[in-house]
Amino acid sequence: MATAELVLGLLSGGPAHGYDVKRGHDAWFPDSRPLAFGQVYTTLGRLERDGLVEVVEKTSGGGPDRTVYALTGKGRDHLTDWLTDPVPPAWGNADEILRKLVAAVRTGGDAAAFVARQRASHLRRIRELQDNPAEQDPTSPIVRDYIVAHLDADLRWLDGALDRISQQEVSE
Amino acid sequence: MTTPALELTDIEYKYRRNVALRGVSLQINPGEIVAITGASGCGKSTLLHCAAGILTPDAGAVRVNGQELASLSADDRAALRRTQIGVVLQFGQLVPDVKLVDNVALPLLLAGHSRSEAHVQALEWLKQVGIEGEADAVPAELSGGQNQRAAVARALVTGPSIVLADEPTGSLDSRAGKELLEVLVQAARYRGTALVMVTHDNLVAASATREIRLRDGVVQHEVVL
């Protein structure tokens, strides 16, 4: 799960409290499951412990607790590194690619460069799988075909994403 | 420094008022396998046809092994294309009603080799691509995969330094495509031939050592694989 990095991305535009982070996440991923408040505060607590975010304002009293968090320099570096590295092209990692791509576009990162690196990573993995024949047991070739087909599907989706990003850059 | 097998500098090409290529530059080194990718209409086939000398760019230079095509006489340019560049198109483009062995021998005959010598080499290449048993068949008697193998043999028979392939597996099923790709890749790996493939197929692009992606007639990105 890359919830921690997404929270860093959501704070990259400026300090915010947990409620804003949750609403921001749900706006980035409108068709997926909303982020639970509990998870937001747990994540912010862990990020604060690790020095990636800091509390810049805290008010309490009659209303709800209003703790405002901000990205630290270490947190910004961590976010930049995360957005730079392609996701290992392994089984079930497509969600992580989506998270990174959305975060890169939303935070003004170089999303096209990320897609290019991710394409390269996927293509290399397909070549490795094609160059090394699968074991000749009853299921290894089936598993191999599954992985290659899913990597190919990711690549086709990345192609479409790259086109959309490029069109947006042209129209801006 | 190695002389690039193929060097394109600021290539521009227009189809009437539609600009297909807008200043594309790239270098391909001997033995490199390069996939040119991009959406339909991005200019990738036009680029390949300019590199092959099938189309003449409106601007820019094409150099094959350091020789600029535009600086050569028409005869020298044709000779260089026949001996240094092998071309494989999507549907083979073999000469109908001509036996496979004669189709494959054709570039050697045009380059001045004797009929018997061309015949021997053509048979050898048909063997290399696994269809020596079909030497006396004509294209209409064979499958798309067999014809495409013959097209690859014809492209390789002169020992070119560059093979330019436009969707080489596009007309084949996945198994025949994979086998054909293997022949092309082996030629590049073991003979030092530079292989440039235009493809929209990610499984073909994955065989390359570099991907050059075009969008709207310009290089969008270039990555080492």
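Calculation notes
- Residues numbered from 1 in each chain as written.
- Chains lettered and ligands numbered in written order.
- Predicted model: local features only at pLDDT ≥ 70, side-chain atom pairs only at ≥ 80, totals over all residues.
- Heavy atoms only, no water.
- Domains from an automatic or database assignment.
- Contact = heavy atoms within 4.5 Å.
- Buried area = accessible area lost by both parts, 1.4 Å probe.
- Pairing = 2+ DSSP bridges.
- Helix = DSSP H or I, 4+ residues; strand = E, 2+ residues; numbered from the N terminus.
- Axes fitted to C-alpha atoms, helices over the stretch in contact; angles between N-to-C directions.
- Salt bridge = Lys/Arg side-chain N within 4 Å of Asp/Glu carboxyl O.
- Polar contact = N/O pair within 3.5 Å; in protein donor to acceptor, adjacent residues only side chain to side chain.
- Nonpolar A, V, L, I, M, F, W, Y, C, P; charged D, E, K, R; others polar.

Asks: Where do I start with the domain arrangement of chain A in this structure?
Replies: Often, the extent of an interface is quoted as the loss of accessible area on bringing the components together. All names here are of chain A. Partitioning chain A into domains gives domain 1 (3–84) and domain 2 (96–171). Taken over C-alpha atoms, the centre of domain 1 sits 28 Å from the centre of domain 2. Of the residues lining the interface, nine residues belong to domain 1; the matching set on domain 2 comes to 11 residues. When the two sides are added together, the surface that domain 1 and domain 2 hide from each other amounts to roughly 980 Å², 68% of it contributed by carbon and sulfur. Of all residues in domain 1, Trp 28, Trp 82 and Leu 83 bury the most surface against domain 2, accounting for 59% of the area lost on that side.

Asks: Could you clarify how one ought to interpret the sheet that holds strand β3 (residues 66–71) of chain A in this entry?
Replies: Sheet strands pair via backbone hydrogen bonds, and the direction of the pair is either parallel or antiparallel. Residues and elements named next belong to chain A. If you trace the three strands from one edge of the open sheet to the other, you get β1-β3-β2, paired in antiparallel fashion. Each edge of the sheet is formed by a strand with only one pairing partner; in this case those strands are β1 (16–17) and β2 (53–59). Examined bridge by bridge, β1 and β3 share two bridges and lie antiparallel to one another. Bridge pairing in β3 places His 17 opposite Val 68. The sheet strands contacting helix α1 (residues 3–11) are β1, β2 and β3, and the helix crosses β3 at an angle near 90°. Here helix α3 (residues 37–49) sits on the sheet in contact with β2 and β3, set at roughly 120° to β2.

Asks: Quick question: what am I supposed to make of the interface of chain B and chain A here?
Replies: Every contact between the two is made by 18 residues of chain B and, on the other side, 18 residues of chain A. A buried area of about 1,600 Å², summed over both sides, lies between chain B and chain A, and 50% of it is on carbon and sulfur atoms. Counting every contact that joins chain B to chain A gives four salt bridges. Counting across the chain B and chain A interface gives nine residue pairs in polar contact (both at pLDDT 80 or more). For the side of chain B that touches chain A, the secondary-structure elements that each account for two or more residues are α7 (202–205), β9 (210–215) and β10 (218–224) of chain B. Counting residues per element, the side of chain B that touches chain A draws most heavily on β10(B), which supplies four residues. When grouped by side-chain class, the residues that make up the side of chain B that touches chain A number eight nonpolar, six polar and four charged.

Asks: Mind showing me how you'd approach the sheet that holds strand β4 (residues 59–64) of chain B here?
Replies: Residues and elements named next belong to chain B. Taking strand neighbours across the sheet as the criterion, the four strands line up as β2-β1-β4-β5 in an open arrangement whose pairing is antiparallel. One side of each edge strand has no neighbouring strand; the edge strands of this open sheet are β2 (18–28) and β5 (67–68). Bridge count between strand β1 (residues 6–15) and β2: eight bridges; the pairing is antiparallel. Across the sheet, the residue bridging to Tyr 15 is Asn 18, located in β2. Against the sheet, helix α1 (residues 44–51) makes contact with β1, β2 and β4, and its axis sits at roughly 120° relative to β1, the strand it touches most.

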